[in-house]
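So the chains spell out like this:
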Amino acid sequence: MMLVVWITDVKDENLRHEISQVVGIPYLSKATVADANEVHKVGNGFIYGRELRTIFPAVVGHKGKAHWIFFILDTGSPLTYLSSQASELFGIVEDRPTTVTIAGYHHATHRSPESSHFTEVNLLGADFASQYNVSPWYNYPSGRVKLYFGTDWEVTEKSKL
């Protein structure tokens, strides 16, 4: 089965420059293994670009290494992928799922196929969102996104009647 994911508006250069500036952390920079293992109940992200991509910065860990990875939340992608650049940092090879920690959650990831339109980006796919019950809440005026993990949170609505 050939996966078709069209993400042509975000590249490695965007992750390293504009997105890194918004996050305040260099893309692919080293993090601690403790950071990689810290389980997040709420993640902070933001909306990026004309295509309104949801960007979620998270520490990813594998085999004693940890790095800051910037994901595009893409529930249209059935699987979670690491870019070729991120995969090389962790020694992940193509066509073989590899379990890593993402925001403290153990999850199988794949290397973005070299022939794809998303080889330079990291996709947080439907498999991750489903397994960890990820619910995004968007604040479009501020350009911010909250990702709620699991079911142990309560949302309250402010109303002005």
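Here the structure is a predicted model, which means the values were calculated and not measured. (Residues numbered from 1 in each chain as written. Predicted model: local features only at pLDDT ≥ 70, side-chain atom pairs only at ≥ 80, totals over all residues. Heavy atoms only, no water.)

K.L.:
With reference to specific residues and values, describe the overall build of the protein chain.
P.N.:
The secondary structure content of the protein chain amounts to four helices and nine strands. The helix and strand sequence of the protein chain, counted from the amino end, reads α-α-β-β-β-β-α-β-β-β-α-β-β. Expressed as a percentage of the 161 residues in the protein chain, the buried residues total 48%. Long-range contacts, defined as pairs at least 24 residues apart, comprise 66% of the intrachain contacts of the protein chain with a sequence gap of at least 6. Of the roughly 8,900 Å² of accessible surface on the protein chain, a fraction of 52% belongs to carbon and sulfur atoms. (Helix = DSSP H or I, 4+ residues; strand = E, 2+ residues; numbered from the N terminus. Buried < 20%, exposed > 50% of the residue type's maximum accessible area, 1.4 Å probe, protein only. Contact = heavy atoms within 4.5 Å. Areas by Shrake-Rupley, 256 points an atom, 1.4 Å probe, with all protein chains shown as cover.)

K.L.:
Could you give an account of the side chain of serine 29, naming the residues involved and the relevant values?
P.N.:
Take serine 29: it is sitting in the loop between helix H1 (12-23) and helix H2 (33-37). With residues up to four places along the chain from it excluded, the contact list for serine 29 reads Ala66, His67 and Trp68.

K.L.:
Which residues make up H1, and what values do they have?
P.N.:
All of the buried residues in H1 are Asp12, Asn14, Leu15, Ile19 and Ser20. Relative to the axis of H1, the buried residues are bounded by an arc of 165° and lie together on one face. Seen from the open side of H1, the exposed residues pointing more than 90 degrees away from its buried face are Glu13 and Gln21. Where H1 is buried, its residues contact strand E1 (42-48), strand E2 (53-62), strand E3 (65-73), helix H3 (84-90) and strand E7 (122-124). (Arc of directions from axis to C-beta.)

K.L.:
Hey, could you go over the environment of tyrosine 140 for me, with residue numbers and the actual values?
P.N.:
Among the secondary structure elements, tyrosine 140 is positioned in the loop between strand E8 (135-139) and strand E9 (144-148). Residues within four places of tyrosine 140 in sequence aside, it is in contact with Ile47 and Leu52.

K.L.:
Describe the side chain of threonine 109, listing the residues and the values that go with them.
P.N.:
Along the chain, threonine 109 falls in strand E6 (residues 105-111). Not counting the four nearest positions on each side in its chain, threonine 109 is found in contact with Thr80, Leu82, Ile92, Arg96, Pro97, Thr98, Val100 and Ile102.

K.L.:
Just give me the short version of unusual backbone geometry, but keep the residues and values in it.
P.N.:
Backbone geometry places leucine 28, a non-glycine residue, at a positive phi of 70°. Along the chain, leucine 28 turns up in the loop between H1 and H2. Even without being a glycine, leucine 52 presents a positive backbone phi close to 55°. As for its position among the elements, leucine 52 is in the loop between E1 and E2.

K.L.:
I'd like to hear about the environment of lysine 63, residue by residue, with values.
P.N.:
Its place among the elements puts lysine 63 in the loop between E2 and E3. Distance in space between the C-alpha atoms of lysine 63 and threonine 101 is 9.9 Å, their sequence separation being 38 residues.

K.L.:
Outline the packing of aromatic side chains, supporting the account with residue identities and numerical values.
P.N.:
Per the counting criterion, the structure on display carries ten aromatic pairs. Measuring from centroid to centroid gives 5.4 Å for tyrosine 138 and tyrosine 140, while their planes differ by 15°, and the two rings are stacked. Aromatic ring contacts, followed pair by pair, group Phe56, Tyr105, Phe128, Tyr132 and Phe149 into a single cluster. (Phe/Tyr/Trp six-rings, centres within 6.5 Å; stacked < 30°, edge-to-face > 60°.)

K.L.:
Describe the pairing of E1, and please don't skip the residues or the numbers.
P.N.:
One face of the sheet, then the other: side chains in a regular strand alternate in exactly this way. The buried fraction of E1 is high, at five of seven residues. Pairing geometry for E1 and E9, over five bridges, is antiparallel. For asparagine 44, the partnering residue across the bridge sits in E9 and is lysine 146. Relative to E2, E1 runs antiparallel, the two being bridged by three bridges. Looking across to E2, one finds that isoleucine 47 is bridged to threonine 54. (Pairing = 2+ DSSP bridges.)

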